[in-house]
Amino acid sequence: TQLLEQSPQFLSIQEGENLTVYCNSSSVFSSLQWYRQEPGEGPVLLVTVVTGGEVKKLKRLTFQFGDARKDSSLHITAAQPGDTGLYLCAGEDNNAGNMLTFGGGTRLMVKP
Amino acid sequence: ETGVTQTPRHLVMGMTNKKSLKCEQHLGHNAMYWYKQSAKKPLELMFVYNFKEQTENNSVPSRFSPECPNSSHLFLHLHTLQPEDSALYLCASSQGTGTGGELFFGEGSRLTVL
């Protein structure tokens, strides 16, 4: 099973700050998904990246897939309290029937 | 109702009890999943059903017994659980399996085993 490591595990920032969270693996993934899970809810898909080097933007969120498709980052500009939640990356694992392998998550708290 | 619905949202049970978790999806998907979410651990895939047939069982102890009567409903029967089984159990659905497609999750069932 391929492993995904997310960093940092916890992040507490003030409203308006910028932040970047990382998702790293020693293995190659054919695609990578980012989910956000708010308290008391299930994870919700934010974006899927497929091509090495791909950059996708979702309002203030910028997602990048590493050139070698082993890592990804999520950058949030001018964070807001509504961005608070658990951010999960999930890689499509070709060695496991294309099932998703999840990282441990980054828990973000944005204080007003 | 829309999306993926899980009941109950919270469950407290003793180690000798028998209980069941229920999941229903209204998205017309063919695949359904059970995941376990514990503190400080990645989401753990437990079971996968595709067109009502179980396609994945990730070495889950037999005290967890899944049931999928049709593509819209999924159950997780619980019996003789241990305190370390306390976790959030998430149900998910997708259009198919093995495509790396989007998973649609329910809100989860928070289980506490005393």
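A quick note: this is a predicted structure, and the numbers were derived from the prediction, not measured. (Residues numbered from 1 in each chain as written. Chains lettered and ligands numbered in written order. Predicted model: local features only at pLDDT ≥ 70, side-chain atom pairs only at ≥ 80, totals over all residues. Heavy atoms only, no water.)

Please explain the interface of chain A and chain B as it appears in this structure.
Listed by partner, the interface residues are 18 residues for chain A and 21 residues for chain B. Regarding the contact of chain A and chain B, the summed buried area is about 1400 Å², with carbon and sulfur atoms giving 57% of it. On the surface where chain A and chain B come into contact, there are zero salt bridges. Our enumeration of links across chain A and chain B arrives at four residue pairs in polar contact (both at pLDDT 80 or more). Mapped by element, the contributors of at least two residues to the side of chain A that touches chain B are β4 (32-37), β9 (85-93) and β10 (99-102) of chain A. Here the residues of the side of chain A that touches chain B sort into eight nonpolar, eight polar and two charged. (Contact = heavy atoms within 4.5 Å. Buried area = accessible area lost by both parts, 1.4 Å probe. Salt bridge = Lys/Arg side-chain N within 4 Å of Asp/Glu carboxyl O. Polar contact = N/O pair within 3.5 Å; in protein donor to acceptor, adjacent residues only side chain to side chain. Helix = DSSP H or I, 4+ residues; strand = E, 2+ residues; numbered from the N terminus. Nonpolar A, V, L, I, M, F, W, Y, C, P; charged D, E, K, R; others polar.)

Explain the sheet that holds strand β7 (residues 64-70) of chain B to me, please; I cannot follow it from the model alone.
All names here are of chain B. The antiparallel open sheet is built from four strands, whose spatial order is β1-β3-β8-β7. Edge positions in the sheet fall to β1 (4-7) and β7, since each of these pairs with one other strand and no more. Strand-to-strand twist across the sheet, computed as the mean angle between neighbouring axes with direction ignored, equals 15°. (Pairing = 2+ DSSP bridges. Axes fitted to C-alpha atoms, helices over the stretch in contact; angles between N-to-C directions.)

Help me understand the packing of aromatic side chains, please; the structure alone is not making it clear to me.
Here the distance between the centres and the angle between the planes together describe a pair of aromatic rings. All names here are of chain B. Across all of its chains, the model carries eight aromatic pairs over all chains by this definition. Between Tyr 35 and Phe 105, the aromatic rings sit 5.7 Å apart at their centres with planes inclined by 55°, giving tilted as the arrangement. Here Phe 105 lies in strand β10 (residues 104-105) and Tyr 35 lies in strand β4 (residues 31-37), a separation of 70 residues in the sequence. Assessed through its relative accessible area of 10%, Phe 105 is described here as buried. Aromatic pair Phe 64 and Tyr 89: ring centres 5.8 Å apart, planes at 35°, arrangement tilted. (Phe/Tyr/Trp six-rings, centres within 6.5 Å; stacked < 30°, edge-to-face > 60°. Buried < 20%, exposed > 50% of the residue type's maximum accessible area, 1.4 Å probe, protein only.)

Any chance you could explain the confidence of the model for chain A here in plain terms?
Residues with a pLDDT of 70 or more make up 96% of chain A, whose mean pLDDT is 93. At the low end of the mean pLDDT range in chain A sits β10 of chain A, at 87; at the high end sits strand β3 (residues 19-24) of chain A, at 98. (pLDDT = per-residue confidence, 0-100.)

Looking at this structure, how should I read the state of the cysteines?
Such a bond, covalent and formed between the sulfur atoms of two cysteines, is termed a disulfide. For the coordinates displayed, the defined rule picks out two disulfides over all chains. Here Cys 23 of chain A pairs with Cys 89 of chain A through a disulfide, and the sulfurs are 2.0 Å apart. Here the S-S torsion is close to 80°, and the disulfide linking Cys 23 of chain A with Cys 89 of chain A is therefore right-handed. Residue Cys 23 of chain A is located in strand β3, and its partner Cys 89 of chain A is located in strand β9; the two are separated by 66 residues in the primary sequence. Comparing Cys 23 of chain A with Cys 89 of chain A shows no difference in burial state: the two are buried. A sulfur-sulfur separation of 1.9 Å characterises the disulfide bridge that pairs Cys 23 of chain B with Cys 91 of chain B. For the disulfide bridge between Cys 23 of chain B and Cys 91 of chain B, the dihedral angle about the S-S bond is near -75°, and by the sign convention the bridge is left-handed. Taken together, the positions of Cys 23 of chain B in strand β3 (residues 18-25) and Cys 91 of chain B in strand β9 (residues 87-94) put the pair 68 residues apart, joining distant regions of the chain. With relative accessibility at 0%, the residue Cys 23 of chain B sits in the buried group. (Disulfide = S-S within 2.5 Å.)

Looking at this structure, how should I read the side chain of Ser 38 of chain B?
All names here are of chain B. Among the secondary structure elements, Ser 38 is positioned in the loop between β4 and β5 (44-50). Residue class for Ser 38 comes out buried when judged on its relative accessible area of 15%. With residues near it in sequence (within four places) discarded, Ser 38 still touches Glu 44 and Ala 87.

Teacher, can you tell me more about the pairing of strand β11 (residues 106-111) of chain A here?
On a regular strand, one side chain projects to one face of the sheet and the next to the other, so that they alternate. Residues and elements named next belong to chain A. Residues Thr 106, Leu 108 and Val 110 of β11 are buried on one face, while the alternating residues Arg 107, Met 109 and Lys 111, pointing to the opposite face, are not. In this sheet, β11 lies alongside strand β2 (residues 10-14) in parallel orientation, the contact comprising five bridges. Following the sheet pairing, Ile 13 is matched in β11 by Val 110. In this structure, β9 lies alongside β11, joined through three bridges in antiparallel fashion.

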